[in-house]
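# Survey of secondary and tertiary structure
Residue strings, one per chain:
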Amino acid sequence: MHELSDTPVLGVSFDHVSLLRLDQTGGLAPGNKAFKLRHYFFEAKRLGAARLISFGGPWSNHLHALAAMGCQLGVETVGIVRGELREENSAMLSDARRWGMHIVYVSREDYRQRNEAAYQQKFIERFAPSVLIPEGGASRAGARGCMAVADIIRRKAPLARHIVVPVGTGTTMAGLVAGLDESFEIDGISALKGAHDLTQRVKALLPRSARNSRAHWRILHDYHCGGFARVNVLLREFMLAFETIHGVELDPVYTGKMLLAIHQLRACGVWHEGASVLAIHTGGLQGRRGYSWLG
Ligand SMILES: *Cc1c(COP(=O)(O)O)cnc(C)c1O
């Protein structure tokens, strides 16, 4: 747990904002991804599958974590990567290769079929015996793994009631909704532009045992800064100022936008500067290497 100081960032204080530093847990696979992937490693062992296969772009935090965990746990991994010639040497992919991930490049067109059963089956057979993980680990099994984050919150921040978390697929959010009761308020900050079906997606990701969860939650859609992985001037200025003042590194895709949301909501008085907030730092710092302005 990391309490931020009251020194203002662009005029707004982060007093009473705490960070749950998942970015500092998990060794080579820091952040939320290890929670989502855990189940699949058990499943591979249980089924006697030699390989885990998944999908992602050339900077995917998900594939990065999969490769790292596979290397450490002795399970082979296969990354189906959306081909972008300029990015084939991304720092993410060179880590993944070093950790032994077998990389298969596919065209943007082919990549669109990633959620289709017939397309997935081809890879499952080609790399048999194998288990396929949906892109981003988006699954009920992944959400069940993220219920462990709720346990950490109860243990390390027993007084926290207002939780803020970045949202991509909504799997981590679903784990929190499932794992926390009606005394909590959970705000998810969407990293995507106009993904108004996220509420439905989170509901579909709730583990069966949690269908009746009574936690209060919602998704906020106004902090995407132009779209997924896009950066605008405000986000850039905010992140540079925040990092200088608070000494905590952020990533531009998820955690930077989450903290910008807190900044904006406090700036316009929707959230009071004195009200306690627990923000989940979900990691993603490997992706900073793709943004030269972050040095
Ligand atoms: C993947 C990721 C998220 C989004 O998690 P979902 O479970 O897909 O919503 C948030 N933060 C970081 C740093 C991530 O890498």
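Residues numbered from 1 in each chain as written. Predicted model: local features only at pLDDT ≥ 70, side-chain atom pairs only at ≥ 80, totals over all residues. Heavy atoms only, no water.

### As for the site of the ligand
Lys33, Asn61, Thr169, Thr172 and Thr282 are the nearest of the 15 residues found near the ligand. Separating an oxygen atom of the ligand from a backbone N or O atom of Thr171 is a distance of 3.4 Å. Thr282 places a polar side-chain atom, nitrogen or oxygen, 2.6 Å from a nitrogen atom of the ligand. In isolation the ligand has 390 Å² of accessible area, and contact with the protein removes 98% of it. Listing elements by their share of the shell around the ligand, those giving two or more residues are helix H1 (33–47), strand E7 (162–167) and helix H7 (171–179). (Near = heavy atom within 4 Å. Polar contact = N/O pair within 3.5 Å; in protein donor to acceptor, adjacent residues only side chain to side chain. Areas by Shrake-Rupley, 256 points an atom, 1.4 Å probe, with all protein chains shown as cover. Helix = DSSP H or I, 4+ residues; strand = E, 2+ residues; numbered from the N terminus.)

### Quick notes on the environment of Trp59
If you trace the backbone, Trp59 turns up in the loop between strand E3 (51–56) and helix H2 (61–73). With a relative accessible area of 24%, Trp59 lands in the partly exposed category. Between the C-alpha atom of Trp59 and that of Gly287, which follows or precedes it by 228 residues, the distance is 6.1 Å. If we skip the residues at most four places from it in the chain, Trp59 touches Glu87, Ser90, Ala91, Met92, Gln286, Gly287, Arg289 and Gly290. (Buried < 20%, exposed > 50% of the residue type's maximum accessible area, 1.4 Å probe, protein only. Contact = heavy atoms within 4.5 Å.)

That's the geometry; what it means functionally is another story.
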